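Observations on the three-dimensional arrangement
These are the residues of each chain, in order.
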Amino acid sequence: MKITSFTVLPNTPQKLKKLNELAYNLYFSWNTDALDIFRKLDPAAWELAQYNPVNMLSLVSQEALDKAEQNKSFQAQIATAYDRYKDYMESSTWFEREHGERKSPVIAYFSAEYGLHVSLPVYSGGLGALSGDHIKSSSDLGIPLVGIGLLYSQGYFRQHLNADGLQQETYPENDWYSEPVCLMRDDNGTPLRCSVKLAGDDVFFNIWRVAVGRVNIYLLDTNIAENKPQHRTITKTLYDPDRDTRIRQEIVLGIGGVRALEKLGFVPEVYHVNEGHSAFLLLERLKVLVKNHGLSLEEAKQVVWSSTLFTTHTPVPAGNETFSYDLMEKYFKDYAAELGFDWQTFLSIGVDPSQKDEKKFSMTVLALNYAAYVNGVARLHGHVSRGMWKGLYPNIPQEDIPIGAVVNGVHASTWLSPLIYNLFLRYGGPGNLSELADFSIWEDVDKVPDEELWTVKVQNRKKMIDFTRRCLVRQHERRGSHSKSFKNVNDILDPAALTIGFARRFATYKRGSLLLKNIERLKQLFNNKERPVQIIIAGKAHPADHAGKEIIKHIFEIANQADFRRRMIFLEDYDLNIASALVQGVDVWLNTPRRPNEACGTSGMKAAINGALNVSILDGWWDEAYTPEVGWAIGGREIYESKEVQDQIESDMLYATLERDVVPMFYERDEKGIPREWIKMMKNSIKVLGVGFNSHRMIRDYVETYYLNAENLHQRLRSDNYKEAKALAEWRSMIVKNWTDISVTKVESHHRDFIFKGKQLEIMAWINLGKIRPDNIIVECVHGPLDTNHQIIGAERSRMKVSGATDDTAVYAATITCSRGGHYGYAVRVLPGHPNLAVNILPNLIKWYE
């Protein structure tokens, strides 16, 4: 039977046509006035459409549309929201004012997932939410950026627990014709289509556009009739556990993404590889430069390296994508030959020398080798990443390894409670959170009376509990156990009780059951009649993570005991809606990772701007955010040899913190029933953490630290038919060839055994340069206090200048100021130096005075 398909569009009355435009731009996801219009149009259809405006317009009755067309008040609401949307789209932006207008996107941002809204389920968790906030802030600030990702027909998975608490996964199909995505077509209406070669097969993919305010994301989809069945499912499931499918996904994302950009007419200056999943794009960029522009492989590498930013997101080895040599040979043997690589050399660009016996090709190592700009996502994570990958940078001190840090942030307009936002409006805060160029607006929370802030917090907690109860009814009905589990849903949770939130992916290192180590102590804490405590828990385990599933099962079993049934709730199928409800409603946000395995973690930031107080291990963002004025730390920065000992000690610390500090402060009320000290900490949390950990600040850091530098350098290198790139490649070849000739033959300073603090010291160094000229190197004096191992800590770097020369030796000198007292030391080193070199710290190109 042949079925002919076509699309049925909603017959929206003329006066309501603006709804169509609003529905197809995810601007609605952080502007509640736009969403409210759809909700009011037909509340029943809104619920049935699961908060998806596009689907809702297909489901709403014609009667409701006709009625709305006659409602002048409703039309006025549409006009107001639409005018605000158009003003947003057309107004000048921070980037334009500060850095000038760009006619087309200059930054290509690649990510395997985007958490933008529940109506577009192409995300799994934290990485997706971070990518979504990155895109939204880029829109708000006017960053000339375009996103690339995959359109997963089944997304991640829907989670349900059976009667025993075991996680069950279902994979419903997404209907893209009822989602806020548009298939890209040419002028004749034919879908735009690209292809990649996979083990001899041509695999085709469509390109779908997602409008996110001013920024567009393009998602690639292989589920088309021209492909073989095994290739149609490449874009079926996010993070498919099958390794063959996963490598094909990442080929489509990386290599296909570059080809999609070309098909769309974009010529980016900067490529941002957000986690290693898309790193194959680096190889495709090499290929384009070699095949289309006639560059040598080495010349092409200089261009790619100089215009790529790589953000690593995990300090956990399992989170760094690797593929077996067999899979690499299956899909890349011919590709490597086309590029001019011999096979062993090709494999080496993805291998950490310290782990070469594992015979795995690492996407992270590939990205580190071909990206000049690299960052972790928190200060501690940057430090940990430098330690993880030090094998790629021999003879370079760990602190000098060129992996920086841009701490993540959250999109305030998405995550901030509307009730708290209205308090900002009333007491002098911003009229619009879209462009927080002046982050001091967060300090306006001090103008809000304690009574009003507390009233809002109580309202948000009740709203969250009502939401939780509705979710519970659906969970128990689906499980067929509603009547057995509780008689009245209103008995579940107390709207006046101290409420803790814990929601995250259930990986073992996140220690989702740390709070459950001492059940008797927990019973006393939760069932105190005068000062009760309750917790709402949510999160998924990866389908292949059986240990994570066991943690969920353990929580489920405890939560169903009589002592906890009203006080401990597990919400199934954690998504952006549940996340929003929790971070806006809880009083305390709990985070218990095993330090230092948390790269950053942004859920606590979302809770903080809503006045929740963080109780967390000093890991990820909390390691740099914590002060006693904004929350609590579980322990310090201790290092444990035994995980079991660590878990026992830190669980005891967690109980003590709750019993001694958190619970008493929450329940300490004045004569008006207001917890003054608690509210003082709430205000500190909002104003301090709102400034430092919002995604507008994050985006500005990316722009000013990486994007602009990479854009300018790329423009220089590709100008005049890549003249500067060719010169840089020739220069680097010369440096590598002659580097062994360099030696630091003598270092002198005129000092005794001591020098007074604040005094200056002249350092001189004699450098044998061989065939390398003085203007091709940088000589530095590295100095600072010494630790007990006679190593420099907190090093300062002073550039040394040529002060003289003999036949083959240059003399360099620098004057340093000994600004800190105590045991002090210095060392001299030589680095390569070139005006078009993005970073000077390069593997195997450093010489120290020995």
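Everything here concerns the structure above.
Scope of this entry: the structure provided in the associated data block. (Residues numbered from 1 in each chain as written. Predicted model: local features only at pLDDT ≥ 70, side-chain atom pairs only at ≥ 80, totals over all residues. Heavy atoms only, no water.)

Below, the discussion takes up empty space enclosed by the protein. Any empty space left between atoms is shown by rolling a water-sized probe over those atoms. Here the structure, examined in full by the defined rule, presents four cavities of 30 Å³ or more. Taken as a whole, the second largest cavity spans an internal volume of roughly 60 Å³. Its residues assigned to classes, the lining of the second largest cavity shows seven nonpolar, two polar and one charged. (1 Å grid on protein atoms, 1.4 Å probe; cavity = no way out; pocket = protein on both sides within 12 Å on 5 of 7 lines; lining within 4 Å. Points joined across faces, edges and corners; volume = space filled by probe spheres on them. Nonpolar A, V, L, I, M, F, W, Y, C, P; charged D, E, K, R; others polar.)

This brings us to the environment of P532. Residue position: P532 is located in the loop between α21 (519-526) and β16 (533-538). For P532, a relative accessible area of 8% translates into the label buried. In contact with P532, other than residues within four places in its own chain, are D494, A497, L498, L525, F526, R567 and Y667. (Helix = DSSP H or I, 4+ residues; strand = E, 2+ residues; numbered from the N terminus. Buried < 20%, exposed > 50% of the residue type's maximum accessible area, 1.4 Å probe, protein only. Contact = heavy atoms within 4.5 Å.)

Now for unusual backbone geometry. When glycine is set aside, most residues are seen to have a negative phi, and most peptide bonds are trans. Along the chain, R595 connects to P596 via a cis peptide bond; the corresponding omega equals 5 degrees. The residue P596 is located in the loop between β18 (588-591) and α24 (603-609) in this model. Backbone geometry places R511, a non-glycine residue, at a positive phi of 50 degrees. By relative accessible area, R511 is classed as buried at 5%. In this structure, N844 is a non-glycine residue whose phi angle is positive, near 65 degrees. Looking at where N844 falls in the secondary structure, it is placed in the loop between β26 (824-832) and β27 (847-848).

The full count for this structure, using the stated rule, is 51 salt bridges. For the salt bridge of K462 with D466, the shortest nitrogen-to-oxygen distance reads 3.0 Å. One end of the pair, K462, and the other, D466, are both in helix α19 (residues 450-479), four residues apart, so they sit about a helical turn from each other. Between D775 and R773 there is a salt bridge, with its nearest N and O atoms 3.2 Å apart. Several salt bridges share partner residues, and in doing so they unite D450, E451, D670, K672, R676 and K683 into one network. (Salt bridge = Lys/Arg side-chain N within 4 Å of Asp/Glu carboxyl O.)

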